[in-house]
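# Coordinate inspection notes
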Amino acid sequence: MKILFLDQSGKPGGAELCLIDIAKPYGHDALVGLFADGSFKELLLQNNIPVEVLRTEAIAVRKESGLIHGLNTLRQLLPLINKVVKKARKYDLIYANTQKALVVGAIASFFSRRPLVYHLHDILSTEHFSQTNLRVAVNLANRFASLVIANSQASKTAFIEAGGRQDIIEVVYNGFEPKNYQANESNIKRLQQNLELEGKFVVGHFSRLAPWKGQHILIDALAQCPPQVTAILVGDALFGEQNYVEQLHQQVAKLELENRVKFLGFRSDIPQLMAACDLVAHTSTSPEPFGRVIVEAMLCEKPVIAAKAGGAMELVEHGLNGFLVAPGEPQELAQAIVTCLQETEITATIAKNAIINASQRFDVATINHQIAQLLSERI
Ligand code: UDP
Ligand code: GLC
C-alpha cells in the first residue's frame, strides 16, 4: 500500500516521533509531506523515510483560533491543497497526522478520490482547543475519514463526546522499540559526571516547555523535597511558549533552586538521559492524550510518577507499574518523590513490572501490525 502521510509540523513533537515509527515499514511506498521545514525533516531522512516539504513557510499553529482566522487560513492553504491533490493521485491513501493535515487531507481526499485516515493525537476538548477548531476537526473526520486512529481511549472518548462518529474510530497506542531504551552503564556514568548529577537523587522531566506540561508543578514540588533531590528539565518550547520559559527561570530563582534545577533544552539522547535519572515525573495539568514519555520511562526501567488524567491512566496502574498523583498538586507530587527516595525496594519492583509490562503492550512491531490490519480491513 502506498501512503501519503501529512503533518503540519517542522518540529519533532510526540505525534511526529510516533509518525516516524508508523511510516518506516512502508519504505519508499511512503512519502511524508510536511507543511513546514525544520528538524523533523532531518529526523525522517535519518530514518530513510521519503519526505518533502510541501510548503516552505510555516502555518501558524494556533490551537485557540476563531472562525475568521479559520477562513483566512483556508484561503492561505489553497496552493498547498492543490499540491497535495496532485501528489495524492500517486498514492493509495492519505494519512493525516495532525489537525491542519486533516483539513488539507480531507479536501485533497475529496478531489483526488483517495481514502483518508486521521491519526488523532489530541484530546478534542475545550481545555485544549477552541470550539471552532473542535467542530472543524470532528465534522471533517466524520464526513471524509474512512478511519480515525485514536492514540488512547481518552482521545477516542473525547472525539465521540465532541460529536465524532463511533463507527470510524479505533484505539491504537504508540509503539516503541524496547531495545532502543537499553542504556550502557559506562555511558550513564559519563553523562552523570558531565551533568554533575553524581550523588544526587535525580528527577527527570522530559517534555516540550509549555504551560500545560506543568514543569512549574515539578519546580514547586522540588522546593518541598529534601536538598539532595535535583531535577533535569529536558525539552524546549516548540510552539512559541517563550513567556513560559521565562516564568520557569524566574520561579527557580525565586525559590533559590538554581543548584537543583537544570534546563537541558531539546535533546536527542532521551534513553541515556532517562537512564541517568532515579525517577521520571510527568506533570501535565490538562489531560495528556497519550504521553510517550511515560512509556519511555517504563522501558528504561525507571519509576514514573504521572498526572492522573487522560491517557496516562491507561498506561499507569498506581502502585503496580508506576505512581499516579492528582494533576497540578505539587505537594502530592513531592510526597510521591519522597516515597520513591525512601522506599527503594518497592520502587525498584514497580520499575521492573513497568519494563516487562511496557515491552509487551507497546512493542512497535505489534502496534504496526495492528495499524496495517486496520488499513487493510477499513480501506
Ligand atoms: N523528547 C525529545 N527530546 C526532548 C524532549 C522530549 O525527543 O528534549 C521526546 C520524548 O522522548 C517523547 C516526545 O518528545 O517521545 C514527547 O512526546 P509526548 O507524547 O510525551 O508529549 P507531546 O509533546 O507529544 O505532547
Ligand atoms: C500528542 C499528545 C501526546 C501523545 C503524542 C503521540 O503530541 O500530546 O500525549 O503522546 O501525541 O500520540
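Structural notes, computed from the coordinates.

What counts, and where the lines are drawn
- Residues numbered from 1 in each chain as written.
- Chains lettered and ligands numbered in written order.
- Predicted model: local features only at pLDDT ≥ 70, side-chain atom pairs only at ≥ 80, totals over all residues.
- Heavy atoms only, no water.
- Near = heavy atom within 4 Å.
- Polar contact = N/O pair within 3.5 Å; in protein donor to acceptor, adjacent residues only side chain to side chain.
- Areas by Shrake-Rupley, 256 points an atom, 1.4 Å probe, with all protein chains shown as cover.
- Nonpolar A, V, L, I, M, F, W, Y, C, P; charged D, E, K, R; others polar.
- Helix = DSSP H or I, 4+ residues; strand = E, 2+ residues; numbered from the N terminus.
- Salt bridge = Lys/Arg side-chain N within 4 Å of Asp/Glu carboxyl O.
- Core = buried A, V, L, I, M, F, W, Y, C linked by side-chain atoms within 4.5 Å.
- Buried < 20%, exposed > 50% of the residue type's maximum accessible area, 1.4 Å probe, protein only.
- Pairing = 2+ DSSP bridges.
- Axes fitted to C-alpha atoms, helices over the stretch in contact; angles between N-to-C directions.
- Contact = heavy atoms within 4.5 Å.
- Phe/Tyr/Trp six-rings, centres within 6.5 Å; stacked < 30°, edge-to-face > 60°.
- Lys NZ or Arg CZ within 6 Å of the ring centre and 35° of its normal.

## With respect to the site of ligand 2
Around ligand 2, the structure places Gly14, Ala15, His121, Asn151, Asn174, Trp212, Glu288, Pro289, Phe290, Gly291 and Arg292. One of the side-chain nitrogen or oxygen atoms of Glu288 is found 2.5 Å away from an oxygen atom of ligand 2. Arg292 is positioned with one of its backbone polar atoms (N or O) 3.4 Å from an oxygen atom of ligand 2. The protein chains hide 92% of the 310 Å² of surface that ligand 2 would expose on its own. In the shell around ligand 2, the residues fall into 4 nonpolar, 5 polar and 2 charged.

## Remarks on the site of ligand 1
Lining the immediate environment of ligand 1, one finds 15 residues, of which Gly14, Arg208, Lys213, Arg267 and Glu296 sit closest. Between an oxygen atom of ligand 1 and a side-chain N or O atom of Arg208, the distance comes to 2.8 Å. Contact with the protein chains hides 90% of the accessible area of ligand 1, taken as 540 Å² for the molecule alone. The set of elements that each furnish at least two residues to the shell around ligand 1 consists of α1 (14-23) and α11 (292-299). When residues in the shell around ligand 1 are grouped by element, the largest group, 3 residues, is from α11. Residue composition of the shell around ligand 1, by class: 5 nonpolar, 4 polar and 6 charged.

## Some details on the pattern of salt bridges
This structure, assessed with the given rule, holds 9 salt bridges. Between Glu170 and Arg378 there is a salt bridge, with the nearest N and O atoms lying 2.3 Å from each other. Placement of the pair is Glu170 in strand β7 (residues 169-171) and Arg378 in helix α15 (residues 364-378), with a sequence separation of 208 residues.

## Section: the nonpolar core
Within the largest apolar cluster, 61 residues are counted, with the highest numbers of intra-cluster contacts made by Phe5, Val32, Phe206, Ile232 and Ile294. The dominant element in this core, judged by the number of residues it contributes, is α11, at 6 residues.

## Structural notes on the sheet that holds strand β3 (residues 51-53)
Overall, parallel pairing links the 7 strands, which are arranged β3-β2-β1-β4-β5-β6-β7 in an open sheet. The open sheet has two edge strands, β3 and β7, and neither has a second partner. The average angle at which neighbouring strand axes cross in this sheet is 20°, direction not considered. The sheet contacts of α1 involve β1 (3-7), β2 (30-34), β4 (93-96) and β5 (116-120), and relative to β1 the element is tilted by about 175°. Packing of helix α5 (residues 131-144) onto the sheet brings it into contact with β5 and β6 (145-150), and relative to β6 it is tilted by some 130°.

## Remarks on the environment of Ile149
Locating Ile149 in the fold gives a position in strand β6. Distance in space between the C-alpha atoms of Ile149 and Tyr118 is 6.2 Å, their sequence separation being 31 residues. Among all residues touching Ile149, those that are not within four sequence positions of it are Tyr95, Val117, Tyr118, His119, Leu120, Glu170, Val172 and Ile371.

## Side note on the packing of aromatic side chains
Centre distance and the angle of the planes are the two values used to describe a pair of aromatic rings. One pass over the full model with this rule turns up 8 aromatic pairs. A ring pair is formed by Phe290 and Phe362, whose centres lie 6.1 Å apart and whose planes are at 75°; its orientation type is edge-to-face. With Phe290 in the loop between β11 (279-281) and α11 and Phe362 in the loop between α14 (344-361) and α15, the pair connects residues that are 72 residues apart, well separated along the chain. Each member of the pair Phe290 and Phe362 is classed as buried. The rings of Phe5, Tyr26 and Tyr95 are connected pair by pair, giving a single aromatic cluster. Cation over ring: Lys2 sits above Tyr91, and NZ or CZ is 5.1 Å from the ring centre.

## Considerations on the side chain of His282
With respect to the secondary-structure elements, His282 resides in the loop between β11 and α11. Taking relative accessible area as the criterion, His282 reaches 6% and is therefore assigned buried. A distance of 3.2 Å separates a polar atom in the side chain of His282 from a polar atom in the side chain of Ser284. Beyond its immediate sequence surroundings of up to four residues, His282 is in contact with Glu288, Val293, Ile294, Ile305, Ala306, Ala307 and Ala312.

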